[in-house]
Amino acid sequence: MATYRTTQIAKLIGVHPNTIRFYEEMQLLPVIPRTKSGYRIFDDRHLEQLRFLRTAFRAEIISDRLRKEVYNIVKTAAAGDVSEAYQNTQRYLEHLREERKRAEEAIRITLDIIENNGKSDENVVFCGRVKAAEILGITIDVLRDWERNGLILVPRSSNGHRKYGVKEMNRLKIIRTLRNSHYSMMSILRMLNRLDQGDRNIREVIDTPDEEEDIVCAADRYITALGMAETDAQEMTEMLEMMMKRFSVQ
């Protein structure tokens, strides 16, 4: 089995040597033996673990729960329990697929709300912010936050009170559905603005940031990010299978 110094293995992976030391401190690598003079000595097991963790952390993970799953998978593999890491990766892959299913379902529900928007009773009584929040099952602070971020503009009565009617409540239901499925407020705002312009292709719009958007996070292209993470998870399972065969570990 070949051996490598820190600078050598860092070059093979394409990272700075300090990154390798950081991975060691975070217990993301198998124990690294040292020479009598204190130099780290890496072998092929470390090299494969580095390739594995670079794949695991490649995709932008949307939720803290999924991010924690990936971190635990990498630590488990580093500790030598590759079979457990493999099982955990299978569960992680299933969770990603469930997240993607929920994201797609949110789009379907949104389309249903849009289609039924014009069929609602236009004579419905307007309600205030407190009642609107109660109907939606959200807090007033959440409702204020959506308004503050421009997701909805609420008309006011002559005395200045907000008036939530059918149009406003349907828009809020769309926002709630998409937020519950982890879409970012930026992507929802983008979709709503295009919807107001008559663009009904909401699946593409909500997953495609505009060129003028300065900062784009994973949640701004949520469906794409989930798909990329799923591809990486599949690659992780293949890498773990090879590690089990090659290094005869658990």
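Residues numbered from 1 in each chain as written. Predicted model: local features only at pLDDT ≥ 70, side-chain atom pairs only at ≥ 80, totals over all residues. Heavy atoms only, no water.

**Side note on unusual backbone geometry**
Even without being glycine, glutamine 27 reaches a positive phi, approximately 60 degrees. Within the secondary structure, glutamine 27 is located in the loop between α2 (17-25) and β2 (42-43). (Helix = DSSP H or I, 4+ residues; strand = E, 2+ residues; numbered from the N terminus.)

**Here's the deal with the pattern of salt bridges**
Evaluation of the coordinates by the stated rule reveals 27 salt bridges. Across the pair arginine 51 and glutamate 48 runs a salt bridge, and its minimum N-O distance is 3.0 Å. Of the two residues, arginine 51 and glutamate 48 both sit in helix α3 (residues 44-56), 3 residues apart, roughly one turn of that helix. The buried category is assigned to glutamate 48, whose relative accessible area is 17%. As a salt-bridge pair, arginine 200 and glutamate 115 come within 3.3 Å of each other at their nearest N and O atoms. Of this pair, arginine 200 sits in the loop between α9 (185-196) and α10 (202-206) while glutamate 115 sits in helix α5 (residues 82-116); the two residues are 85 residues apart in sequence, bridging distant segments of the chain. Residue classification places arginine 200 among the partly exposed residues on the basis of a relative accessible area of 47%. Three or more residues are tied together by salt bridges with common partners; here these are Asp44, Glu48, Arg51 and Arg246. (Salt bridge = Lys/Arg side-chain N within 4 Å of Asp/Glu carboxyl O. Buried < 20%, exposed > 50% of the residue type's maximum accessible area, 1.4 Å probe, protein only.)

**Quick word on α9**
In a regular helix each residue adds 1.5 Å, so 12 residues correspond to 16 Å; α9 covers 16 Å between its end C-alpha atoms and thus fits that length. Along α9, the positions that sit buried rather than exposed are Met185, Ser187, Ile188, Arg190, Met191, Leu192 and Leu195. Among the structural elements, α5, α7 (140-148), α8 (166-180) and α10 are those in contact with the buried residues of α9. Glycine 198 sits one or two residues past α9 and shows a positive phi near 100 degrees. (Expected span 1.5 Å × (residues − 1). Contact = heavy atoms within 4.5 Å.)

Interpretation note: all reported values are geometric properties and have no functional meaning in isolation.
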